[in-house]
Amino acid sequence: MFRRAISPDHPSGRQQPPLLLCCLLLLSCLLTASCVESSLPDGAVASVNGKTITLRLVQALMDSRSVDMGALEVSTPESMKNQYGEALGTLIIACLAEEELAERGQSVSEETVSREEKLIREDYEDEDLNAYLEREALDYDDWRQLLRVHLTMQAFERLVLLPGIRISVDEVRAYHAANKERFHVPEHMMLCFLAGEDKAHLEAYCRRFPTGRDNVPDGLRVQCLDMEESELPQPECKEVAAIDEGKCGKIREVDGSFRAFGVVVRHKGGVQPAAAVYPFIEGALREQKLRIAFSQWLERRLANADIRVAAALRP
């Protein structure tokens, strides 16, 4: 949900890196210990090493989230304070990430922001982006700042965190061994539902089933689904159980038309081998390591940061 919708942390709708949301609580805890309350310029609710974060931008992030969620629930003063605190935490993290990228000479350029904006505008087709923002009461300049925040966090994850993450075959095997229940597949089959008005046509189709199942003649209707036998109602379940793999079952006449089941293939249940689910395991391990790397980076960065938060929004 990135371009047509307004995401919580990106004005164009692509999903924000999940590690950011997972570490907001950590940030909140660290803020309690490291923030120094101080006078801030008018309109500012926080500063990060001298760079101010305005109440206007925090409100814009809150507004973009409310657009994404649709109808708003009635909020209590305490819940509103928490929501503003989360939004502020997101922007503080973005400031720290922006500093990290700048120190590495890898800051998000204006050309990158403009290129992404152009892609977003193309997605709107019949509706102008400015008209959409106006209808949702989102200021264009604020929206563009939030777009930069999103691109900064994307670049930070890609350029700072991911290069340090390595996943070995042994780690994949260990994860697979410890989570076998996640990779268990029940017995299932590819089942085809066959129907037609002419019994002879259906019989001819069944004779070349399943090799010719994709070549369906006119007058026949064929729908094939990957499913478990138990998902069928009785007595169809018992009928399908008696059909051999690669065969059609008995042709029945139902309400003036002819119908039959065809079983393309049956798959035995069991635990999928690690090689078969390698991409899934690799992704899960990468996400775990991303969260750890992000937490460690954030702790180091906050230890040397001068972060000042308005008293009304402090944890």
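Residues numbered from 1 in each chain as written. Predicted model: local features only at pLDDT ≥ 70, side-chain atom pairs only at ≥ 80, totals over all residues. Heavy atoms only, no water.

**Student:** Sorry, what's going on with the pattern of salt bridges here?
**Tutor:** Evaluation of the coordinates by the stated rule reveals 21 salt bridges. Residue Arg144 is joined to Glu110 by a salt bridge in which the shortest nitrogen-to-oxygen separation is 3.0 Å. Highlighted residues: Arg144 in helix H7 (residues 140-161) and Glu110 in helix H5 (residues 110-124), separated in sequence by 34 residues. Since its relative accessible area comes to 16%, Arg144 is described here as buried. (Salt bridge = Lys/Arg side-chain N within 4 Å of Asp/Glu carboxyl O. Helix = DSSP H or I, 4+ residues; strand = E, 2+ residues; numbered from the N terminus. Buried < 20%, exposed > 50% of the residue type's maximum accessible area, 1.4 Å probe, protein only.)

**Student:** Explain helix H11 (residues 278-303) here, please?
**Tutor:** A turn of α-helix holds 3.6 residues, and therefore any two residues three or four places apart point the same way. In a regular helix each residue adds 1.5 Å, so 26 residues correspond to 38 Å; H11 covers 38 Å between its end C-alpha atoms and thus fits that length. Residues of H11 that are buried: Ile281, Ala284, Leu285, Leu290, Phe294, Trp297, Leu298, Arg301 and Leu302. (Expected span 1.5 Å × (residues − 1).)

**Student:** I would appreciate a short explanation of the nonpolar core in the present structure.
**Tutor:** Side chains of a nonpolar character, in soluble globular proteins, are inclined to be buried together. Core analysis: the biggest nonpolar cluster contains 47 residues, and Ile53, Leu96 and Phe156 have the highest contact counts within it. Those elements that provide at least two residues to this core are strand S1 (44-48), helix H3 (55-69), helix H4 (77-103), H5, helix H6 (129-135), H7, H11 and strand S10 (307-309). Of all the elements, H4 adds the most residues to this core, at 11 residues. Ignoring sequence-local partners within four residues, the contact set of Leu96 consists of Val48, Trp297, Leu298, Arg301, Leu302, Ala305 and Ile307. Grouped together as the second largest cluster of nonpolar side chains are 11 residues, Cys192, Cys206, Leu220 and Cys248 included. (Core = buried A, V, L, I, M, F, W, Y, C linked by side-chain atoms within 4.5 Å. Contact = heavy atoms within 4.5 Å.)

**Student:** Just checking my understanding: could you explain unusual backbone geometry for this structure?
**Tutor:** Phi is mostly negative for residues that are not glycine, and the peptide bonds are mostly trans. The amide bond that connects Phe209 to the next residue, Pro210, takes the cis arrangement and shows omega of 5°. Considering the arrangement of structural elements, one finds Pro210 in the loop between helix H9 (199-207) and strand S5 (220-227). Between Gln234 and Pro235 the backbone carries a cis peptide bond, its omega angle lying at 0°. Structurally, the position occupied by Pro235 is in the loop between S5 and helix H10 (236-241). Positive phi, close to 60°, is recorded for Ala137, a residue that is not glycine. Its identity as a non-glycine residue notwithstanding, Asp255 has a phi of 55°, on the positive side.

**Student:** How do you make sense of the sheet that holds S1 when you look at a structure like this?
**Tutor:** Pairing between the strands of a sheet is mediated by backbone hydrogen bonds and can be parallel or antiparallel. What the three strands build is an open sheet, ordered S2-S1-S10; its pairing is antiparallel. The strands lining the two open edges of the sheet, one partner per strand, are strand S2 (51-54) and S10. Taking the axes of each pair of neighbouring strands and ignoring which way they run, one obtains an average angle of 20° across the sheet. Pairing geometry for S1 and S10, over three bridges, is antiparallel. When the sheet's bridge partners are listed, Ser47 is paired in S10 with Arg308. (Pairing = 2+ DSSP bridges. Axes fitted to C-alpha atoms, helices over the stretch in contact; angles between N-to-C directions.)

Function-wise, these values are silent; they only describe arrangement.
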